[in-house]
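# Summary of the model geometry
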Amino acid sequence: YADMGHFGKQAIRIAWFGLVFPALALNYLGQGALLMVNPQAVSNPFYLLYPQWALYPMVALATAATVIASQATISGAYSLTRQAIQLGYLPRMSVLQTSAKEMGQIYMPAVNWILLVVVLAAVVGFGNSSSLASAYGVAVTGTMLVTTFLTFFVIRYVWGYNLALCIAATGFFILLDLAFFSSSLLKISSGGWFPLVLGAMMLVVMLTWHRGRRILAERLQTSAIPVQEFLASLFKYPPHRVPGTAVFMVANPDAVPHALLHNLSHNKVLHERVVILTVTIADTPWVPFNERVSVESLGNGCWRIRMRFGFKNPVDVPQALALCCEHGLAFEMMETSFFLSRETLIPVIGEGGMALWRERLFAAMARNASSVVEYFHLPANRVIELGTRIEI
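Note that the structure is a prediction, hence the values are computed from the model and not measured. (Residues numbered from 1 in each chain as written. Predicted model: local features only at pLDDT ≥ 70, side-chain atom pairs only at ≥ 80, totals over all residues. Heavy atoms only, no water.)

### Section: the overall build of the chain
Rules: Where helices and strands are cited, they refer to DSSP runs of H or I of at least four residues and of E of at least two residues respectively, numbered from the N terminus. As a reference, a globule follows 2.2 Å times the number of residues to the power 0.38, and the radius of gyration itself is taken over C-alpha atoms. Three exposure classes are used, based on accessible area relative to the maximum for each residue type with a 1.4 Å probe and protein chains only: buried under 20%, partly exposed in between, and exposed over 50%. Each accessible area is a Shrake-Rupley estimate made with a 1.4 Å probe; only the visible protein chains count as cover when residues are assessed. Positive charges come from Lys and Arg alone, negative charges from Asp and Glu alone, with His and the N- and C-terminal ends not counted. Charge placement uses NZ in Lys and CZ in Arg. For Asp and Glu, CG and CD serve respectively.
Per the secondary structure count, the chain includes 12 helices and eight strands. Over its C-alpha atoms the chain spans a radius of gyration of 27 Å, topping by over 25% the 21 Å that the globule rule assigns to 392 residues. A principal-axis box enclosing the C-alpha atoms of the chain has dimensions of 95 × 50 × 45 Å. Per-residue burial over the chain gives 35% buried out of 392 residues. Carbon and sulfur atoms form 66% of the exposed surface of the chain, whose accessible area is close to 23400 Å². Placing the 26 positive and 20 negative side-chain charges of the chain at their respective mean positions leaves the two points 4 Å apart.

Listed below in structure tokens is the structure:
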């Protein structure tokens, strides 16, 4: 369910109402009937529900279901992680497309290894599935509570239902979920702490990255030079122009890219066509191609391009640049160079708005983030990176 791009909503609806829901209802009703007749079966009502001849086939079926569920969990982790990256809550990671037809089918090596480490830690630490029951209960009931809470915002602000109806509908289920979750909290000391600690760690990482990016943007903004003023002064005494197109990527479209300043300072030249490119990720899943790029002429062969991608769109800059032909700006990749700024972050006590350990965590994540070249799908042989040091 984490990414409908894997299957599509119609397939999920057919599977749920045609097979999964009836099977679950019959199974749970059967377990309830068994416990009413034989209360001692509470030790394992699922397997004790079956006659002896069906026990081993059910073990095989349960094992297969476990494998399938684990694959669904892994796929969901990939999808949610990529969306968090797009929305600016996690550092860039390598994303590999595993299907030429389905955009949502991806593989993320870093996430795969993290899942392996966490699973091994859980297996070694808890030892058996019975010991994991408390952790499972807290995780499931906590997820149900959060999902119900978020449902309010969907039905109120996306579907536009009446406020009183939204409060009544979600409030009823929140009371039920709170009852389950509060009862699960009694098992924190016996293993329920595990999902809470994992969730807290992820929350700290995501908030630190999000806050760190905002601080970094503020630092860059303080030293930013307005583009229009810079170009006006630059072309009073224009530098030597060389053939080709230079694309300078910058987060703030109104500021002069540091890479452009460094290139002028060290190489003393300017390409005959200069493009200042800003890529933003919208808070909507998809941005159609006809809304993907906007092109503005700044004069003297200089252009400003703004690109918008949805948080579920692949961020493919060369593909989006091809759309600029409709605006009278065509790109030949073999004559185009991409200039990127690589920031080296220096944590400073009392200067960054975060605790020093969070600043160091942010700097470590920034150092280990995957390449900007891979993230934007830039041709590696056409990229030039220029570095700068920034205190946070």
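Past the structure itself, the notes keep going.
### Concerning helix H7 (residues 193-222)
What counts here: Take the residue count of a helix, subtract one, and multiply by 1.5 Å to get its expected span. Contacts are residue-level and defined by heavy atoms, with any inter-residue pair within 4.5 Å sufficient.
Taking 1.5 Å of rise per residue, 30 residues should cover 44 Å, and H7 covers 43 Å from first to last C-alpha, within 8% of that figure. Along H7, the residues classified as buried are Phe194, Thr208, Trp209, Gly212, Ile215 and Leu216. Next to the buried residues of H7 lie helix H4 (109-126), helix H5 (133-158), strand S7 (336-346), helix H11 (356-368) and strand S8 (383-391).

### Some details on the environment of Phe289
Relative to the helices and strands, Phe289 resides in the loop between strand S4 (269-281) and strand S5 (293-299). Considered as a pair, Phe289 and Leu55 are 234 residues apart in the sequence and their alpha carbons are 54 Å apart. Once residues lying within four places of it in the same chain are set aside, the contact partners of Phe289 are Gln319 and Leu323.

### Observations regarding a nonpolar patch on the surface
Put simply, the rule reads: Only residues whose relative accessible area exceeds 30% and that take part in no salt bridge are eligible for patches, with like-charged residues grouped when within 9 Å of each other and nonpolar side chains (Val, Leu, Ile, Met, Phe, Trp, Tyr) grouped when within 5 Å. Take a side-chain nitrogen of Lys or Arg and a carboxyl oxygen of Asp or Glu: if they are within 4 Å of each other, that pair is a salt bridge.
A grouping of Val146, Phe149, Leu150, Phe153, Val154, Tyr157, Val158, Trp159, Tyr161 and Leu165 is seen on the molecular surface, where their side chains present a nonpolar patch of about 1100 Å² in accessible area. Within the fold, Tyr161 resides in the loop between H5 and helix H6 (163-184).

### Quick look at the pairing of strand S3 (residues 240-249)
Put simply, the rule is: Note on pairing: two strands pair once DSSP finds at least 2 bridges between them.
The element S3 is extensively covered by neighbouring structure, given that seven of its 10 residues are classed as buried. Where S3 meets S4, eight bridges bridge the pair, whose relative direction is parallel. Within S4, the residue paired with Ala246 across the bridge is Val274. Direction of pairing for S3 relative to S7: parallel, over a ladder of four bridges. When the sheet's bridge partners are listed, Ala246 is paired in S7 with Ser337.

### Points about the nonpolar core
For the record, the criterion: Here, the term nonpolar core denotes a set of buried Ala, Val, Leu, Ile, Met, Phe, Trp, Tyr and Cys residues that are joined through side-chain atoms within 4.5 Å.
With 33 residues, the main nonpolar core has Met249, Ile305, Met307, Val317, Leu321, Phe331 and Leu378 as its most contacted residues. Listing elements by their share of this core, those giving two or more residues are helix H3 (52-86), S3, S4, strand S6 (302-309), helix H10 (317-321), S7 and helix H12 (372-375). Those residues in contact with Met249, other than ones at most four positions away along the chain, are Pro257, Leu277, Val279, Val317, Phe339, Leu340, Phe376 and Leu378. With 18 residues, the next largest nonpolar core counts Val227, Ala246, Leu260 and Leu298 among its residues.

### Here we look at the packing of aromatic side chains
To keep it simple, the criterion reads: Centres within 6.5 Å make a pair out of two Phe, Tyr or Trp rings, where for Trp the six-membered ring is used; the pair is then stacked when the planes are under 30 degrees apart, edge-to-face when over 60, and tilted otherwise.
Per the stated rule, a full pass over the model turns up 16 aromatic pairs. Taking 5.0 Å as the distance between ring centres and 45° as the angle between the ring planes, the aromatic pair formed by Trp209 and Phe362 counts as tilted. Highlighted residues: Trp209 in helix H7 and Phe362 in helix H11, separated in sequence by 153 residues. For Phe362, a relative accessible area of 2% puts it in the buried group. Between the aromatic rings of Phe248 and Phe339, the centroid separation amounts to 4.7 Å while the plane-to-plane angle is 25°, which identifies the pairing as stacked. Of the two residues, Phe248 sits in strand S3 while Phe339 sits in strand S7, which places them 91 residues apart along the sequence.

### Some points on the sheet that holds S7
As a reminder, the rule being used: Simply put, an axis is a line fit to the C-alpha atoms, just over the touching stretch for a helix, and the angle between two N-to-C directions goes from 0 to 180 degrees.
Ordered in space as S5-S6-S4-S3-S7-S8, the six strands form an open sheet in which the pairing is mixed. Either end of the sheet is taken by a strand with one partner, and the two such strands are S5 and S8. Pairwise comparison of adjacent strand axes, ignoring direction, gives a mean angle of 25° for this sheet. In the sheet, S4 pairs with S6 via eight bridges, with the strands oriented parallel. Bridge pairing links Val275 to Trp303 in S6. Lying over the sheet, H7 contacts S7 and S8, oriented at roughly 95° with respect to S8.

### As for the side chain of Thr81
With respect to the helices and strands, the residue Thr81 is situated in helix H3. On the basis of relative accessible area, Thr81 is assigned to the buried category, the value being 13%. When near neighbours in sequence (up to four residues on either side) are disregarded, Thr81 contacts Leu90, Met93, Met108 and Val111.

### Overview of the pattern of salt bridges
Tallying each qualifying case throughout the model produces five salt bridges. Residue Arg304 is joined to Glu296 by a salt bridge in which the shortest nitrogen-to-oxygen separation is 3.1 Å. Given a relative accessible area of 6%, Arg304 falls into the buried group. The shortest N-O distance in the salt bridge between Arg342 and Glu385 comes to 2.9 Å. Linking Arg342 in strand S7 with Glu385 in strand S8, this pair joins segments that are 43 residues apart in sequence. Residue Arg342 is classed as partly exposed on the basis of its relative accessible area of 44%. Residues joined in a network through salt bridges with shared partners are Asp254, Glu296, Arg304 and Arg306.

Spatial relationships are all this shows, so hold off on functional conclusions.
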